[in-house]
2 protein chains.
Amino acid sequence: MSPSRPAGLVRQARTPRQGIPDATVARLPVYLRALTSLAEHGVTTVSSEELATSAGVGSAKLRKDLSHLGSYGTRGVGYEVEYLVYQISRELGLTQDWRVAIVGAGNLGRALANYGGFASRGFTVVALLDAATDLIDQEVAGLPVLAVTELERVIAQEQVQIGVLATPACAAQDLCDRMVAAGVTSVLNFAPCVLNVPGHVMVRKVDLSTELQILAFHQQRGAAAGLGYGGLGEQSQDGPGAAEVAG
Amino acid sequence: MSPSRPAGLVRQARTPRQGIPDATVARLPVYLRALTSLAEHGVTTVSSEELATSAGVGSAKLRKDLSHLGSYGTRGVGYEVEYLVYQISRELGLTQDWRVAIVGAGNLGRALANYGGFASRGFTVVALLDAATDLIDQEVAGLPVLAVTELERVIAQEQVQIGVLATPACAAQDLCDRMVAAGVTSVLNFAPCVLNVPGHVMVRKVDLSTELQILAFHQQRGAAAGLGYGGLGEQSQDGPGAAEVAG
DNA sequence: AGGCACTTGTGAACGAACGCACAAAGTCAG
DNA sequence: CTGACTTTGTGCGTTCGTTCACAAGTGCCT
Ligand SMILES: NC(=O)c1ccc[n+]([C@@H]2O[C@H](COP(=O)([O-])OP(=O)(O)OC[C@H]3O[C@@H](n4cnc5c(N)ncnc54)[C@H](O)[C@@H]3O)[C@@H](O)[C@H]2O)c1
Ligand SMILES: NC(=O)c1ccc[n+]([C@@H]2O[C@H](COP(=O)([O-])OP(=O)(O)OC[C@H]3O[C@@H](n4cnc5c(N)ncnc54)[C@H](O)[C@@H]3O)[C@@H](O)[C@H]2O)c1
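Residues numbered from 1 in each chain as written. Chains lettered and ligands numbered in written order. Predicted model: local features only at pLDDT ≥ 70, side-chain atom pairs only at ≥ 80, totals over all residues. Heavy atoms only, no water.

**Describing the protein's contact with DNA strand C**
To keep things clear, this is the line we draw: We call a residue near a molecule or strand as soon as one heavy atom of that residue lies within 4 Å of the molecule or strand. Counting of polar contacts relies on pairs of N or O atoms within 3.5 Å, with two restrictions inside protein: one atom must be capable of donating a hydrogen and the other of accepting it, and residues adjacent in sequence are counted only when both atoms are side-chain atoms. Where helices and strands are cited, they refer to DSSP runs of H or I of at least four residues and of E of at least two residues respectively, numbered from the N terminus. Only Asp, Glu, Lys and Arg are considered charged in this grouping, and only Ala, Val, Leu, Ile, Met, Phe, Trp, Tyr, Cys and Pro are considered nonpolar; every other residue, Gly among them, is considered polar.
Around DNA strand C lies a shell of 25 residues, among which Lys64 and Arg75 of chain A together with Ser48, Tyr72 and Tyr79 of chain B are the nearest. Protein-proximal atoms of DNA strand C, defined as those within 4 Å of the protein, fall in sugar or phosphate at a share of 64%. Here a phosphate oxygen of DNA strand C and a side-chain polar atom of Arg27 of chain A are 2.9 Å apart. A distance of 2.6 Å separates a phosphate oxygen of DNA strand C from a polar side-chain atom of Tyr79 of chain B. Looking at the surface near DNA strand C, the elements with two or more residues in it are helix H1 (22–40) and helix H3 (59–67) of chain A together with helix H3 (59–67) of chain B. Per element, the largest residue contribution to the surface near DNA strand C is 4 residues, and it comes from H3 of chain A. Partitioning the surface near DNA strand C into residue classes produces 7 nonpolar, 9 polar and 9 charged.

**Concerning the sheet that holds strand S4 (residues 123–130) of chain A**
Residues and elements named next belong to chain A. Spelled out, the test is: At least two bridges found by DSSP between two strands is the condition for calling them paired. Contacts are residue-level and defined by heavy atoms, with any inter-residue pair within 4.5 Å sufficient. Comment: axis = line fitted to C-alpha atoms, over the contacting stretch for helices; angle = value between 0 and 180 degrees taken between N-to-C directions.
Taking strand neighbours across the sheet as the criterion, the 7 strands line up as S5-S6-S4-S3-S7-S8-S9 in an open arrangement whose pairing is mixed. Strands at the two margins of the open sheet, each flanked by one partner only, are strand S5 (139–140) and strand S9 (202–205). Sheet strands in contact with helix H7 (residues 151–158) are strand S3 (98–103), S4 and strand S6 (143–147), and its direction is about 165° off that of S4.

**A short note on the packing of aromatic side chains**
Two aromatic rings are characterised by how far apart their centres lie and by the angle between their planes. The cut-off we apply is this: The rule is short: rings of Phe, Tyr and Trp, with Trp giving its six-membered ring, pair when the centres are within 6.5 Å, and they are stacked under 30 degrees, edge-to-face over 60, tilted in between.
Within this structure, the stated rule accounts for 4 aromatic pairs over all chains. Ring centres 5.1 Å apart and planes at 85° place the aromatic pair Tyr115 of chain B and Phe118 of chain B in the edge-to-face group.

**Brief notes about the site of ligand 1**
Lining the immediate surroundings of ligand 1 are 23 residues, of which Asn107, Leu108, Asp130 and Thr167 of chain A together with Tyr115 of chain B lie closest. Bordering ligand 1 are residues originating from chains A and B. Take Asn107 of chain A: an N or O atom from its main chain is 3.0 Å from an oxygen atom of ligand 1. In this structure, an oxygen atom belonging to ligand 1 sits 3.1 Å away from a main-chain N or O atom of Ala111 of chain B.

**Examining the protein's contact with DNA strand D**
Around DNA strand D, 26 residues are found, and the nearest of them are Ser48, Arg63, Tyr72 and Tyr79 of chain A together with Arg27 of chain B. When the atoms of DNA strand D within 4 Å of the protein are sorted by group, sugar and phosphate make up 64%. Between a base oxygen of DNA strand D and a side-chain N or O atom of Arg75 of chain A, the distance comes to 3.0 Å. In this structure, Arg75 of chain B approaches DNA strand D through a side-chain N or O atom, which is 2.9 Å from a base nitrogen. Only H3 of chain A together with helix H1 (22–40) and H3 of chain B provide two or more residues apiece to the surface near DNA strand D. Among the residues making up the surface near DNA strand D, the classes are represented as 7 nonpolar, 10 polar and 9 charged.

**As for the sheet that holds strand S6 (residues 143–147) of chain B**
Spatially, 7 strands are ordered S5-S6-S4-S3-S7-S8-S9 (chain B) in an open sheet, and the strand pairing comes out mixed. At either margin of the open sheet sits one strand with a lone partner, and together these are strand S5 (139–140) and strand S9 (202–205) of chain B. Pairing analysis gives 4 bridges linking strand S3 (residues 98–103) of chain B to strand S7 (residues 162–165) of chain B, with the strands arranged parallel. Counterpart to Ala101 of chain B in the pairing with S7 of chain B is Gly163 of chain B. Across the face of the sheet, helix H9 (residues 208–220) of chain A comes into contact with S3, strand S4 (123–130), S7, strand S8 (186–189) and S9 of chain B while running at roughly 160° to S8 of chain B.

**What to know about the pattern of salt bridges**
What counts here: Salt bridges are identified by distance alone: a Lys or Arg side-chain nitrogen within 4 Å of an Asp or Glu carboxyl oxygen. Any residue under 20% of the maximum accessible area for its type is buried, any over 50% is exposed, and the rest in between are partly exposed; the area is computed with a 1.4 Å probe on protein chains only.
This model, assessed by the stated rule, comprises 14 salt bridges over all chains. A salt bridge links Arg178 of chain A to Glu152 of chain A, with the shortest nitrogen-to-oxygen separation between them at 2.8 Å. Within this pair, whereas Arg178 of chain A is found in helix H8 (residues 169–181), its partner Glu152 of chain A is found in helix H7, the two being separated by 26 residues in sequence. Residue classification places Glu152 of chain A among the partly exposed positions, given a relative accessible area of 33%. Taking the shortest distance from any N to any O, the salt bridge between Arg204 of chain B and Glu211 of chain A comes out at 2.5 Å. Of the two residues, Arg204 of chain B sits in strand S9 while Glu211 of chain A sits in helix H9, which places them in two different chains. Taking relative accessible area as the criterion, Glu211 of chain A reaches 2% and is therefore assigned buried.

Nothing here speaks to function; it is all geometry.
Laid out in structure tokens, this is it:
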């Protein structure tokens, strides 16, 4: 479904890590978090079973996921935590720093700017922009709020790669277009709307209203899983995933 | 993968709307939003093609999704917007009001409490709780912040069905357990951790850090879709989805 | 009335993802 | 060095989801 796999093109695969399934990619950050947590607790080695439990998935799925990155892990022993952390980080591209701009300094935009969880991985918020004149020049998380009119200049100058949209829905498409025109190729959209972007740009959407509606649906019918209790399962958030709509 | 379908049981399906696929459920809110937007613009009828474009999906997928709810829609004409809005709303359980409690009145919790998009659908935030003494009794979005020690009482008294976790990860599991024990059966979790819950409770997770990492991954490789431009696609956010881990 | 253009709903083919189960590969004790 | 035990990596059948393509229904125009 998702077009992240290059259509039919590029079938030749010399390197082992070629064409990691989207479902796997979506889980790698979860594994990474579980691993870093284990590392902080002094664990140096984990079996797929233990790590799977930590991450809330089945062990078979975990092993298959990891096998897509290569054969790290030692039979009879397990995986070396630190080494695996490095490998997953590298695969996800977290060894480099990513430069992020947040557009919209409302409730959500400010919460995001203040959030420490970004910088702790390789994501640096380099700019925070808004249209409201009374917000401009206010300082949020050590950054001054800039006028949206500066958007093109800032993106080019700061070499922003990832844009975060936290504005009302009606403004999102226009701002997205401007960001893309200025060179952004990845967008994280919090506005409740569909964005049209050229094919080389990837959009991911976070929509809280949708999440609540899905919960409501399941609660309305059989009350969640349907069985009494027990059973292993995942924690949803996201599944497949890329995005683009004809530009 | 998600346990929302009762294993192998219940194969007989007399009613048309029996066992809607998870992937479909996750898209219904998107259709609903597109439809309400069209309704506001005075549109009374849409074809699957138009609606699909509005929602950012393919028309075949949209028709199949809608067919799971029943045969609303008229051949040769399309769907009546208002009627379809009602049917989807009913299917999602939005005809009743859902009572939500937010735990954690930090940056994110306050942003959520202030967000109008919840109430506009059938979700009412009935309580906002926190542990920090200096936040308690502060007023946010017309609600006083309550002490977490009140959690059990408030959930029972206000008949909270959905709990939202916006606390640090370390406190999330404990608070989740308490909410579940107090009667909550649906949890929306913003803390970056996996929650263990009994089988009858559904958890959905929203993790911004994960989203950024997925964007980084795709950008690091072929730069999104891989092709030059054009092409239809989805906007990701979420896919399958339930959750429970042996209690 | 009949033909025509249009759109839904769905059967069937295809593809992606999951989970089982097991052989291969390693460790460790003796 | 051997043999028992542990755990990875993966081939395979199954399930779930998407896409194609078309028959069946609807409205309109002549
Ligand atoms: N707050 C939440 O919890 C929440 C939850 C779900 C979705 N959202 C969505 O996230 C978005 C932001 O939410 P919020 O609560 O921060 O809203 P908000 O009203 O607090 O903030 C929006 C900000 O965007 C700015 N803005 C408006 N037009 C702009 C433009 N053209 N260019 C630049 N900035 C502009 C406004 O000045 C304002 O500061 C909305 O689309 C909302 O639907 C928010
Ligand atoms: N702010 C963001 O943009 C953002 C983004 C992604 C994830 N998150 C996650 O969301 C959660 C909240 O983020 P935040 O930015 O609001 O953090 P925050 O520190 O601003 O707020 C956390 C709040 O939880 C309260 N709290 C702590 N322990 C508690 C307990 N035992 N019971 C009740 N309340 C308790 C604290 O008093 C504080 O008010 C965190 O887990 C964070 O990782 C936040």
